[in-house]
Amino acid sequence: MLSARTLQFVVSICVLLIISSSDVGAEETEYVAGQLVCRVTNSVYIDTINVGYGTTSESFLPGISSYLLLAPPELDAESLAAVIASEPYVVYCEPNYILAAPEPVQGSQPFIDFDRTGTFNGQTAAAQVDLASAHSLSSGAGVTVAVVDVGVNANHPVLLGATVTGFDFVDEDPVAHDEPGGSASGHGTFIAGVIRLVAPEAGIASYRVLDTAGRGDGFTIARAILTAVNAQCKVINLSMVMSGVHSSVDHAIEYARAHEVMVIAAAGNDSTEVDRFPASDSYVLSVAAVDSNNLKTAFSSYGGKVDVCAPGAHVYAPYDDSLFAWWNGTSFAAPFVSGQAALLFAARPAATWNEVRDAIVGTSVSLDSLNPEYAGELGSGLINPPAAVLEVAPAMCGDFNEDGNGPDLSDLTAFINYLFLGGPSPTALSIGDVDGTAEVDLNDAVYLINYLFLGGPDPACPESR
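In this text the structure is predicted, and so the values were computed from the model without any measurement.

Below, the discussion takes up the packing of aromatic side chains. Here the distance between the centres and the angle between the planes together describe a pair of aromatic rings. Taken as a whole, this structure holds 16 aromatic pairs when the rule is applied. Pairing phenylalanine 60 with tyrosine 67 gives two aromatic rings, centres 4.4 Å apart and planes at 40°, and the pair type is tilted. Joined through ring pairs, the aromatic side chains of Phe120, Tyr316, Phe324 and Trp326 make up one cluster. Positioned above the aromatic ring of phenylalanine 324 is the side chain of arginine 116, whose terminal nitrogen or guanidinium carbon lies 3.8 Å from the ring centre. Lysine 234 extends its terminal NZ or CZ atom over the ring of phenylalanine 345, reaching a point 4.5 Å from the ring centre.

Let us now look at unusual backbone geometry. In this chain, phenylalanine 277 is followed by proline 278 through a cis amide linkage whose omega measures 10°. Within the secondary structure, proline 278 sits in the loop between strand E11 (262-266) and strand E12 (284-290). Positive phi, normally seen in glycine, also occurs at glutamate 172, with a value near 55°. Inspection of the secondary structure puts glutamate 172 in the loop between strand E7 (163-168) and helix H7 (187-198). Despite not being glycine, histidine 314 shows a phi value in the positive range, around 55°.

What the rule picks out here adds up to 1 cavity of 30 Å³ or more. Reported here for the largest cavity is a volume of approximately 70 Å³. In this structure, the largest cavity is lined by 13 residues; those nearest its centre are Ala267, Asp275, Arg276, Ser286 and Lys305.

Read across the sheet, 3 strands follow the order E5-E15-E14 without closing on themselves; strand pairing throughout is antiparallel. On the outer flanks of this sheet lie strand E5 (111-113) and strand E14 (315-318), each paired with one strand and no other. Strand-to-strand twist of the sheet, defined as the mean angle between neighbouring strand axes without regard to direction, takes the value 30°. With 4 bridges connecting them, E14 and strand E15 (residues 324-327) associate as antiparallel partners. Considered in E15, the bridge of tyrosine 316 is made with tryptophan 326. Helix-sheet contacts for H7 involve E14 and E15, and the interaxial angle to E14 is about 105°.

Now for the sheet that holds strand E9 (residues 215-217). One open sheet accounts for 5 strands, arranged E2-E3-E1-E4-E9; its pairing is antiparallel. Bordering the open sheet on either side are strand E2 (56-61) and E9, each of which pairs with just one other strand. Put simply, the sheet's adjacent strands are angled 30° from each other on average, direction ignored. Pairing of strand E1 (residues 31-40) with strand E4 (residues 90-100) involves 6 bridges; the strand directions are antiparallel. Each bridged residue has a counterpart across the sheet, and for valine 40 the counterpart in E4 is valine 90. Running over the sheet, helix H9 (residues 247-258) touches E1, strand E3 (66-70) and E4 and is turned about 95° from E4.

This brings us to the environment of glycine 142. Structurally, glycine 142 can be placed in the loop between helix H6 (131-135) and strand E6 (144-149). Given a relative accessible area of 82%, glycine 142 falls into the exposed group. The sequence separation of glycine 142 and alanine 347 amounts to 205 residues, and the corresponding C-alpha distance is 9.6 Å.

Below, the discussion takes up the pattern of salt bridges. Taken as a whole and assessed by the stated rule, the structure comprises 8 salt bridges. Its salt-bridge partner being aspartate 168, residue arginine 208 comes within 3.0 Å of it at the nearest N-O pair. You can see arginine 208 sitting in strand E8 (residues 203-208) and its partner aspartate 168 sitting in strand E7, a full 40 residues away along the chain. By the burial criterion, arginine 208 is buried, and aspartate 168 matches it. The partner of arginine 257 in a salt bridge is glutamate 260, with the nearest N and O atoms 3.9 Å apart. Here the residues in one salt-bridge network are Asp168, Asp171 and Arg208, joined through shared partners.

What counts as what
- Residues numbered from 1 in each chain as written.
- Predicted model: local features only at pLDDT ≥ 70, side-chain atom pairs only at ≥ 80, totals over all residues.
- Heavy atoms only, no water.
- Phe/Tyr/Trp six-rings, centres within 6.5 Å; stacked < 30°, edge-to-face > 60°.
- Lys NZ or Arg CZ within 6 Å of the ring centre and 35° of its normal.
- Helix = DSSP H or I, 4+ residues; strand = E, 2+ residues; numbered from the N terminus.
- 1 Å grid on protein atoms, 1.4 Å probe; cavity = no way out; pocket = protein on both sides within 12 Å on 5 of 7 lines; lining within 4 Å.
- Points joined across faces, edges and corners; volume = space filled by probe spheres on them.
- Pairing = 2+ DSSP bridges.
- Axes fitted to C-alpha atoms, helices over the stretch in contact; angles between N-to-C directions.
- Contact = heavy atoms within 4.5 Å.
- Buried < 20%, exposed > 50% of the residue type's maximum accessible area, 1.4 Å probe, protein only.
- Salt bridge = Lys/Arg side-chain N within 4 Å of Asp/Glu carboxyl O.

Pasting the structure below:
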């Protein structure tokens, strides 16, 4: 005879099965059969769940107190999760949803360059966001970017010496290589190549969470995010999407934010306003893709959750073996922003998450006039790496025009223009206080002339930022 609790559980499952089967209009979210991801208010309640519902504990993520549970094989994981989630001591409980790289899922394929006719550093996308000027200010040195994807070919000539293997969470081994033979093979290597293009001296750490078809479960992805944060990565690239929200990934991203780590995600290739996770997360920078004319690509998603745009059409980057390829997708717009974040953290290692985010978003150039059909739905517009670096970098004493090269003759010209002709002042006026007297006046101009042409003492500004 069934106990009252067991009977209640069975009835609840039946009701939920009826409700879910009638919800034919909802978009389905795939999940790993027989797996639940749950968080409870106190760890003792996991034993309560396992005893009461027949589940078993498989794994635990201490950084976000998230458990991976195995459901009894005869029960539907989605319905069981809904029943467990109703318990007052459960923060969340849901199936272990699957995320996927959008390009192989939605038909985008790389065009492999067997003859090496393309140009990596000189490609249109690099000029489009003025990487040459950005590199005169910052190279990304000292910053590590985590590529959480299908793995990275660390032996590619462009990536050799710049890439370290974090961990392969698919095969559970320490070599997170981009495996050949699948529809998503090369995806992670390509992303790493774009980051290398934007931040040529940044380190890249590979975390393999997606299989060669570009699919992986959220609990594993959350595990990789936590690992990357704890390994001192400052930027994490997530070029993957799902409908709905995976709570463990959401909490892992929150963990990254709490540790001042930027997470960048692709907006998705649906060409709709449907918000795709993790790009929809409030602690993520969501990136849409534009073509070489700064027009939204035909495939890129858009909408209120998009933060910025970056090149995502006909991007040229490393591929399998020592090859290169051209590829389209928001997956490849995202690493432009990940690389940009690395430039900013390198320029100012003490910069906060807010400062880096505000610099990236605040300096982007609006594309609304070029895309009137999508006005207000492409975020702040096209990223502007050199302007963002200048925004976040410590002010240089005497660099009055804030071009990152001062103090020099152009700064003296700008200084005189400000003093006598009503010209603009720098972000912090104290940059011009080269004599350190707490006044910005003609004496500073004389001091700067003495320094530049007569061997006078170095500029001695007080703290200017």
